[in-house]
Amino acid sequence: MNAIYVLLLVVSGMGLSFEAGLLGPLGEQVGHLWATLSIFGVGTALLWMIRLFTSKRKSPDWSSLPKWQLIGGLLGPVYVVALTLATPLLGVAMTMICVLFGQVTKSFAIDYFGWFGVERKQTNPLRLFGLLFIFLALCLTYIGAKS
Amino acid sequence: MTLIIVLAIASGMALSAQAAINGQLGQKAGVIESALLTFGVGTIITGLLIFFFEPAHDATLLTVPKWQLAGALFGIVYMIVMVAAVPQVGVAIATVATILGQMFMSLLIDTQGWLGNEPIELNYWRIAAMLSVACALVCIYLANRESQPKETALTTQAS
């Protein structure tokens, strides 16, 4: 059973690269913001339908939620616009490594400092090593692109 | 090129900040609900930006071949798989499996020049970079396994 889930995860990870690979050329043709809108517009429509048909829980009381938790929606477009800008110039693999580097650095910082109400965690030296390896990969693709 | 690299790294940071915030929100409001909220706000922001800043283009979303619009589906599928799989296999395996798929496919798209992308030759530097990512994945896996039932960090990359 778990093997199926792992396989699904690998395939869905491939899907993310596909998404980036589609976005780059699309953004070149119709404009980067339009390409971003296609992601968010379609995504919103689909999620709304999914929620309509599956969710049993009552819709949450939005006004009772802390307002800063709503800014997640501001950060999403930053990522997608950057993706459409970067993939034509860097290629999909290098873009993904850059994103990965940013992600691991930031989530490291979030855990370390306990930002956004996340519980503070002890620094694990293994995560630092992971970060170093990703940085190394970034340098290697950079050299590879130059040569 | 350097500027774009910095931008891409910054966007990765934005992504994990978003994941952390959505993790908090999801606990109260539900995963689908918080994703819907994120996408809804994202749509509005992008719409406003287009309205005021986007120059006109010859091609529009309605004139390009339809398969080019499929990007959003992959993001949603990813999110659903993540929601279903994380409780079963844990964050550590989920993270590593997705990145593995991501790296493999991005290398394939680059090398083959699929989906209208410029083909990039697979040289030794790129192979070495992938090996380095593999080492990083081993480290991330081991580190995540030690600090198990936390669901933050690298999940919910969908948007």
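Keep in mind that what you see is a predicted model, and the values were worked out from it rather than measured.

Cut-offs and rules
- Residues numbered from 1 in each chain as written.
- Chains lettered and ligands numbered in written order.
- Predicted model: local features only at pLDDT ≥ 70, side-chain atom pairs only at ≥ 80, totals over all residues.
- Domains from an automatic or database assignment.
- Core = buried A, V, L, I, M, F, W, Y, C linked by C-beta atoms within 7 Å.
- Buried ≥ 20, exposed ≤ 12 C-beta atoms within 10 Å, placed from the backbone.
- Helix = DSSP H or I, 4+ residues; strand = E, 2+ residues; numbered from the N terminus.
- Contact = placed C-beta atoms within 7 Å.
- pLDDT = per-residue confidence, 0-100.
- Nonpolar A, V, L, I, M, F, W, Y, C, P; charged D, E, K, R; others polar.

### Examining the domain arrangement of chain B
At step 1: According to the domain assignment, chain B contains domain 1 (1–56) and domain 2 (63–159).
At step 2: The distance between the C-alpha centroids of domain 1 of chain B and domain 2 of chain B comes to 18 Å.

### Points about the nonpolar core
At step 1: Core analysis: the biggest nonpolar cluster contains 95 residues, and A:Ala82, A:Ile97, A:Cys98, A:Ile134, A:Ala137, B:Ala8 and B:Val133 have the highest contact counts within it.
At step 2: Top contributing element to this core by residue count: helix H3 (residues 71–112) of chain B, with 19 residues.
At step 3: Residues within four places of A:Ala82 in sequence aside, it is in contact with B:Leu7, B:Ala8 and B:Ser11.

### Considering unusual backbone geometry
Only a minority of non-glycine residues have a phi that is not negative, and only a minority of peptide bonds are not trans.
Residues and elements named next belong to chain B.
At step 1: Although it is not a glycine, Leu 115 adopts a positive phi angle of roughly 60°.
At step 2: Along the chain, Leu 115 falls in the loop between H3 and helix H4 (124–146).
At step 3: Among the residues examined, Leu 115 registers 21 C-beta atoms within 10 Å and is labelled buried.

### Looking at the confidence of the model for chain A
At step 1: Looking at chain A, the pLDDT average stands at 86 and 96% of residues meet or exceed 70.
At step 2: The least confident element of chain A, judged by mean pLDDT, is helix H3 (residues 72–90) of chain A at 86; the most confident is helix H2 (residues 32–54) of chain A at 91.

### Section: the interface of chain B and chain A
At step 1: The interface of chain B with chain A comprises 99 residues on the first partner and 97 residues on the second.
At step 2: At the level of elements, helix H1 (2–29), helix H2 (31–53), H3 and H4 of chain B are the ones that each hand at least two residues to the side of chain B that touches chain A.
At step 3: When the residues that make up the side of chain B that touches chain A are grouped by side-chain class, the tally is 62 nonpolar, 31 polar and 6 charged.

### Considerations on the environment of B:Gly101
At step 1: Position of B:Gly101 among the secondary structure elements: in helix H3.
At step 2: Sequence separation between B:Gly101 and B:Trp67 is 34 residues, and the spatial gap between their C-alpha atoms is 21 Å.
At step 3: When near neighbours in sequence (up to four residues on either side) are disregarded, B:Gly101 contacts A:Leu9, A:Val10, A:Val11, A:Ser12, A:Gly13 and A:Met14.

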